[in-house]
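# Working through the structure, step by step
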Amino acid sequence: MSQPAAPIVAAAPSSPGASAAPATSTAPARGRGARTVLRAVQVLLAVFFAGASALPKLIAHSSAADTFATMGWGNAGMYVIGVLELAGAIALLIPALQSVAAAALGALMVGAFVVQLACFDGDNAATPVILMVPLLLVAWARRGHNEELLRRVRPRRA
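Everything numeric in this text was worked out from a predicted model, so none of it was measured.

### A closer look at the confidence of the model for the protein chain
- Across the protein chain, the average pLDDT comes to 85, with 80% of residues at 70 or higher.
- Averaged pLDDT values over the elements of the protein chain bottom out at 45 in strand 1 (residues 8-9) and peak at 97 in helix 3 (residues 74-91).

### Notes on helix 3
- If you check helix 3, its first and last C-alpha atoms are 26 Å apart, about what 18 residues at 1.5 Å a residue would give, namely 26 Å.
- Within helix 3 the residues assigned to the buried category are Gly77, Met78, Ile81, Gly82, Glu85, Gly88, Ala89 and Ala91.

### Looking at a nonpolar patch on the surface
- Taken together, the side chains of Val43, Val47 and Leu93 make up a nonpolar region of the molecular surface, amounting to roughly 230 Å² of accessible area.
- Relative to the elements of secondary structure, Leu93 occurs in the loop between helix 3 and helix 4 (98-120).

### Describing the packing of helix 4 against helix 5 (residues 126-141)
- Running from N to C, helix 4 and helix 5 cross one another at 160°; their axes reach a closest spacing of 8 Å. By the angle between their axes, helix 4 is roughly antiparallel relative to helix 5. In the packing of helix 4 onto helix 5, the handedness of the crossing is left-handed. Where helix 4 abuts helix 5, its residues Gln98, Ser99, Ala102, Ala103, Leu105, Gly106, Met109, Val110, Ala112 and Phe113 lie against Pro128, Val129, Leu131, Met132, Leu135, Val138 and Ala139.
- Grouping the constituent residues of the contact of helix 4 with helix 5 by class yields 14 nonpolar, 3 polar and no charged.

### Topic: the side chain of Lys57
- Structurally, Lys57 is set in helix 1 (residues 27-58).
- Within polar-contact distance, the side chain of Lys57 engages the side chain of Glu85 at 3.2 Å.
- Among residues more than four places away in sequence, those in contact with Lys57 are Ala64, Phe68, Met78, Tyr79, Ile81, Gly82 and Glu85.

Parameters at a glance
- Residues numbered from 1 in each chain as written.
- Predicted model: local features only at pLDDT ≥ 70, side-chain atom pairs only at ≥ 80, totals over all residues.
- Heavy atoms only, no water.
- pLDDT = per-residue confidence, 0-100.
- Helix = DSSP H or I, 4+ residues; strand = E, 2+ residues; numbered from the N terminus.
- Expected span 1.5 Å × (residues − 1).
- Buried < 20%, exposed > 50% of the residue type's maximum accessible area, 1.4 Å probe, protein only.
- Patch = residues over 30% accessible without salt bridge, like charges linked within 9 Å, V, L, I, M, F, W, Y side chains within 5 Å.
- Areas by Shrake-Rupley, 256 points an atom, 1.4 Å probe, with all protein chains shown as cover.
- Salt bridge = Lys/Arg side-chain N within 4 Å of Asp/Glu carboxyl O.
- Axes fitted to C-alpha atoms, helices over the stretch in contact; angles between N-to-C directions.
- Parallel < 35°, antiparallel > 145°, perpendicular 65-115°, else oblique.
- Left-handed = near helix turned anticlockwise from the far one by under 90°.
- Contact = heavy atoms within 4.5 Å.
- Nonpolar A, V, L, I, M, F, W, Y, C, P; charged D, E, K, R; others polar.
- Polar contact = N/O pair within 3.5 Å; in protein donor to acceptor, adjacent residues only side chain to side chain.

Quick look at the structure:
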């Protein structure tokens, strides 16, 4: 079991008019760790979506092609989903886009869940549900970047 981090106490200010109350700060250390873990989750999600999910679709691997043929979507549907997954994987790594990308990939996973239930009797329905959890966590935790994105895409008023 790990010991709780001891609070960091700032030294008393030396200027005569400054307050002498000690400032405790454990939040930055915990916040930095949480940001690091969140970033690692984003990278893992991006690697998964780019490599394990989008790549087989984009190279028309037989496993992906057979799945899309069974659904009746053919190669066009397979390539569209592959491109969406690859774009989402890349956008997960771009600070201004990460929240929107996570939400979009989460929505794609909702569709994957429905398809698994409707076309494949729920054989792999747990996979999209499991992926939705970290995606929604990233979307929520990085939601502050949405304002920056909106500033960039909205036209400036004169």
